[in-house]
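# A closer look at the structure
So the chains spell out like this:
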Amino acid sequence: MSRIFTRAFFPYIVGFTLAIILTTVFLAPLTENKVMLISVLAALFVTLLIMLLHFQERFIKPMRKVTETLHDIARGNYRARVHFQTTGDVAELSNRVNQLARYMSEISIQEKMRSEQLASVIDNTESGLVLIDEKGYIHLVNSKFLSIFGKREKDYNGYLYHEVIDNEIIHQTVHDTFLYEKNVKEEFSYYNGGVDKNYLEVLGVPIFSSRNRLKGAVLVLYDITELKKLEGMRKDFVANVSHELKTPITSIKGFAETLLDGGGDDAQVREEFLQIIYKESDRLQLLIDDLLRLSQLEKEGFQLAVAELDMHSLVGDILPPIKHKAEREGLEFSVEIEEDVKLEADEEKVKQILINLLDNAFNYTPEQGEVWLRIAEEEEYVHIQVEDTGIGIAKEALPRIFERFYRVDKARSRNTGGTGLGLAIVKHIVEVHEGLINIKSELNEGTAIHVYLPKQIKA
Ligand SMILES: Nc1ncnc2c1ncn2[C@@H]1O[C@H](COP(=O)(O)OP(=O)(O)O)[C@@H](O)[C@H]1O
Ligand SMILES: [Mg+2]
């Protein structure tokens, strides 16, 4: 009963009580049956209280619950619901509120998913990202950025970019992005852990509001170390090729000029000079052939002419000139090929591997040394091994042996007609066949090179 004496009903109850008291006071002198009058008014009063109680239960309480629920929803609790067994308008209202809560809950789940997706994209990009507002405060840094610059997210978020990022080029990029309001790109290098030199490209992108006002900037940092390395390799390669071509050409030109100036009047001198010119042009041809082989292997869309090869007959094809060379060099040369070794590969390329490896073995093994060519079948690979008892390769030189134009002893290689590209070509051929190559060598004892080519090449 006390529930109905709430703030909402209190003025009505007071007003009604006063009205009844006044009615009683006015009507009492006019009425003879006072008991009857008081009874009627008392009954009226009780009826009113019952009506108010009913009103409270039917409307006020549900309304209060609805208000509370809306409050919860407004505070972000989208699981709040109105549970009320009512009918009519109040039921309609609570249904609508529940519907609203469900709708808000769905939207918030979608919103959460979207922001999680976005966060995971931002965090998993290969580039460092930084979001800076128009006043220069950092609002976001991703994991890649942290992995480059160290420290933690909380060391950046909420701070001015020039206070927490210690890099002049980045400061300049942000400054220029804000000043010119367009994309700005810069590059810089840094030492990762004090050892490796890494290169980064930093791109500043201005962000505009819908009213075209500058709102901030995004910094994107790309790791361009690999690109720089490739660029450096390409430059070195061009320089090396030019250098390698220059030597024989200078020599050819010089001897030809001498002959033209009458230096060849003596038949013996002429013969000697022509021999040199011939040898140098031969060297040029070898170099150009090797360069063409390499460029063919590197060409985009390069296709291997894959066929089933029988290793016995393949070796048989190339053996005569090889045996001849071994004899000429005074070397003992043995070939051991297992029975029936078959291989799916590019015939010309496999021959090239054997020729280049055997060529090296003969060139870098002094007279009376021994050279072996062994071919055996293994589970998934055909194992080709070329071993010699030659001069060997020093440990320091081994990691560089497959580099283009790398030669331990330049003069020695040149004398044997080497171009410095033989092993680079072998490695390339092995790689396009998805095979493996490794080398074991002891200085003054000998070298063994192992090539493993997959028996079945993947399409
Ligand atoms: N079997 C070997 N024994 C000793 N040194 C070798 C052998 N094979 C290769 N090398 C070394 O590796 C260098 C690179 O080999 P390669 O690429 O074939 O070029 P090159 O034209 O000089 O033979 C050679 O100059 C030589 O110093
Ligand atoms: Mg060679």
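In every chain, residue numbers begin from 1 and rise along the written sequence. As a convention, the first chain written is A and the first ligand written is 1, with the rest following in written order. pLDDT decides what is reported in this predicted model: residues at 70 or higher carry local features, side-chain atom pairs at 80 or more are listed and counted, and totals for whole chains, interfaces and linings draw on all residues regardless. Processing note: side-chain calculations cover all non-hydrogen atoms of the structure and skip hydrogens and water entirely.

It is worth spelling out the overall build of the protein at this point. Helix and strand definitions follow DSSP, with helices as H or I runs of at least four residues and strands as E runs of at least two, each counted in order from the N terminus. Of regular secondary structure, the protein possesses 12 helices and 12 strands. Put simply, the radius of gyration uses C-alpha atoms, and a globule should come to 2.2 Å times the residue count raised to 0.38. For the protein, the C-alpha radius of gyration of 46 Å lies well beyond 23 Å, the compact-globule estimate for 459 residues. Seen along its three principal axes, the alpha-carbon backbone of the protein occupies a region of about 170 × 60 × 35 Å. Only protein chains enter the calculation, and the probe is 1.4 Å; a residue is then buried if its accessible area is under 20% of its type maximum, exposed if over 50%, and partly exposed in between. Within the span of the protein, comprising 459 residues, buried residues form 36% of the whole. Long-range contacts, defined as pairs at least 24 residues apart, comprise 58% of the intrachain contacts of the protein with a sequence gap of at least 6. Total accessible area on the protein is roughly 28800 Å²; 55% of this is exposed by carbon and sulfur atoms. Between two residues, a contact is recorded if the distance between any of their heavy atoms is within 4.5 Å. Only the protein chains shown count as cover for residues, and all accessible areas are computed by the Shrake-Rupley method using a 1.4 Å probe.

Moving on: the UniProt feature "transmembrane region" (unreviewed entry) in the protein. As recorded in UniProt, the feature "transmembrane region" (unreviewed entry) lies at residues 9-29 and 35-55. Taken end to end, residues 9-29 is 95% helix and 0% strand, and its first and last C-alpha atoms sit 31 Å apart. In residues 35-55, the share of helix is 100% and the share of strand is 0%. The end C-alpha atoms are 30 Å apart. UniProt positions are given in the numbering used here, feature names are shortened, and annotations may be inferred rather than shown by experiment.

A few words now on the sheet that holds strand β2 (residues 138-141). Read across the sheet, five strands follow the order β2-β1-β5-β4-β3 without closing on themselves; strand pairing throughout is antiparallel. Of all the strands in the sheet, just β2 and β3 (184-192) have a single pairing partner and so form its edges. The mean inter-strand angle of the sheet, taken between neighbouring strand axes irrespective of direction, is 20°. What makes two strands pair is DSSP finding at least two bridges between them. Bridging between strand β4 (residues 196-208) and strand β5 (residues 214-223) involves nine bridges; their strand directions are antiparallel. Bridge assignment links Ile207 to a residue of β5, and that residue is Gly216. To define axes, lines are fitted to C-alpha atoms, for helices over the stretch in contact only, and angles between the resulting N-to-C directions are given on a 0 to 180 degree scale. Across the sheet, helix α7 (residues 225-263) is in contact with β3, β4 and β5; its angle to β4 comes to roughly 125°.

Between helix α1 (residues 10-30) and helix α2 (residues 34-74), the least distance of the axes is 11 Å, while the angle of their chain directions is 170°. As summarised for this structure, α1 and α2 are arranged roughly antiparallel, according to the angle between their axes. Mapping the contact onto sequence places Ile13, Phe16, Thr17, Ile20, Thr23, Thr24, Leu27 and Ala28 in α1 and Lys34, Leu37, Ile38, Leu41, Phe45, Leu48, Leu49 and Leu52 in α2. When grouped by side-chain class, the residues that make up the contact of α1 with α2 number 12 nonpolar, three polar and one charged. What sets the label is the angle itself: under 35 degrees gives roughly parallel, over 145 gives roughly antiparallel, 65 to 115 gives roughly perpendicular, and the rest give oblique. When residue character is reported, Ala, Val, Leu, Ile, Met, Phe, Trp, Tyr, Cys and Pro are called nonpolar, Asp, Glu, Lys and Arg charged, and the others, Gly included, polar.

Tracing the backbone shows Lys349 in helix α10 (residues 347-363). Buried within the structure, Lys349 lacks any salt-bridge partner; Asp346 is the closest side chain of opposite charge, at an N-O distance of 4.0 Å. Beyond its immediate chain neighbours, meaning those up to four positions away, Lys349 contacts Gln296, Leu297, Phe302, Leu304, Ile429 and His433. Counted charges follow a simple rule, with Lys and Arg positive, Asp and Glu negative, and His plus the chain ends left uncounted. For this analysis, a salt bridge means a side-chain nitrogen from Lys or Arg found within 4 Å of a carboxyl oxygen belonging to Asp or Glu.

Attention shifts here to a nonpolar patch on the surface. Taken together, Leu22, Phe26, Leu27 and Leu30 make up a surface patch of nonpolar side chains, about 450 Å² in accessible area. Exposure remark for Phe26: the relative accessible area of 59% places this residue in the exposed category. Like-charged residues are merged into a patch within 9 Å and nonpolar side chains (Val, Leu, Ile, Met, Phe, Trp, Tyr) within 5 Å, provided each residue has over 30% relative accessible area and no salt bridge.

Right, let's talk about the pattern of salt bridges for a bit. Enumeration according to the criterion identifies 22 salt bridges in this entry. For Glu92, the salt bridge goes to Arg96, with nearest N and O atoms at 3.3 Å. A residue pair is termed a helical-turn pair when its members lie 3 or 4 positions apart in one helix, as Glu92 and Arg96 do in helix α3 (residues 88-124) at four residues. A single salt-bridge network, built from bridges that share partners, covers Glu244, Arg407 and Arg414.

The next subject is the sheet that holds strand β10 (residues 381-388). Strand pairing within a sheet occurs via backbone hydrogen bonds; the two strands may be parallel or antiparallel. Taking strand neighbours across the sheet as the criterion, the five strands line up as β7-β9-β10-β12-β11 in an open arrangement whose pairing is mixed. Strands with a single pairing partner mark the edges of an open sheet, and in this sheet they are β7 (332-337) and β11 (436-442). Ignoring strand direction, the axes of neighbouring strands in this sheet form an average angle of 10°. Running at roughly 145° to β11, helix α12 (residues 422-432) makes contact with β11 and β12 (446-454) of the sheet.

Here we take up the site of ligand 1. To be near a molecule or strand, a residue needs just one of its heavy atoms within 4 Å of it. If you check the shell around ligand 1, you find 18 residues, and the closest are Asn360, Ser413, Thr419, Gly420 and Leu423. Polar contacts, as counted here, are pairs of nitrogen or oxygen atoms within 3.5 Å of one another; within protein the pair requires one atom able to donate a hydrogen and one able to accept it, and residues that are adjacent in sequence qualify only if both atoms are side-chain atoms. A distance of 2.6 Å separates an oxygen atom of ligand 1 from a polar side-chain atom of Ser413. For the shell around ligand 1, the class distribution of residues is eight nonpolar, eight polar and two charged.

Pairing of aromatic side chains here covers Phe, Tyr and the six-membered ring of Trp, requires ring centres within 6.5 Å, and sorts the geometry by plane angle: under 30 degrees stacked, over 60 edge-to-face, intermediate tilted. Inspection of the entire model under this criterion finds seven aromatic pairs. Seen in terms of ring centroids, Phe237 and Phe405 are 5.8 Å apart; in terms of plane orientation they differ by 35°. Their pairing is tilted. Residue Phe237 is found in helix α7, and its partner Phe405 is found in the loop between β10 and α11 (410-415); the two are separated by 168 residues along the sequence. The exposure class of Phe237 is partly exposed, given its relative accessible area of 23%. Through pairs of rings, three or more aromatic residues link up here, namely Phe145, Phe149 and Tyr156. The side chain of Arg404 reaches across the aromatic face of Phe237, ending 5.1 Å from its centre. Our definition puts a charge over a ring when NZ of Lys or CZ of Arg is within 6 Å of the ring centre and also within 35 degrees of the ring normal.

Along its sequence, the protein is organised into domain 1 (2-105), domain 2 (125-223), domain 3 (231-298) and domain 4 (306-454). Summarising the inter-unit geometry, the C-alpha centres of domain 1 and domain 2 are found 63 Å apart. In this entry, domain limits derive from an automatic or database-based domain assignment.

Another aspect to go through is the nonpolar core. Definition of nonpolar core: a set of buried residues of the types Ala, Val, Leu, Ile, Met, Phe, Trp, Tyr and Cys, connected through side-chain atoms within 4.5 Å. By size, the foremost hydrophobic cluster in this structure holds 52 residues, and its most contacted members are Met311, Phe333, Leu373, Ile375, Ile384 and Val451. Among the domains, domain 3 (231-298) and domain 4 (306-454) are the pair contributing at least three residues each to this core. Setting aside anything within four residues of it in sequence, one finds Ile384 in contact with Met311, Leu354, Leu373, Arg374, Ile375, Ile449, His450, Val451 and Leu453. Val130, Leu146, Tyr161 and Leu219 belong to the second largest nonpolar core, which has 21 residues in total.

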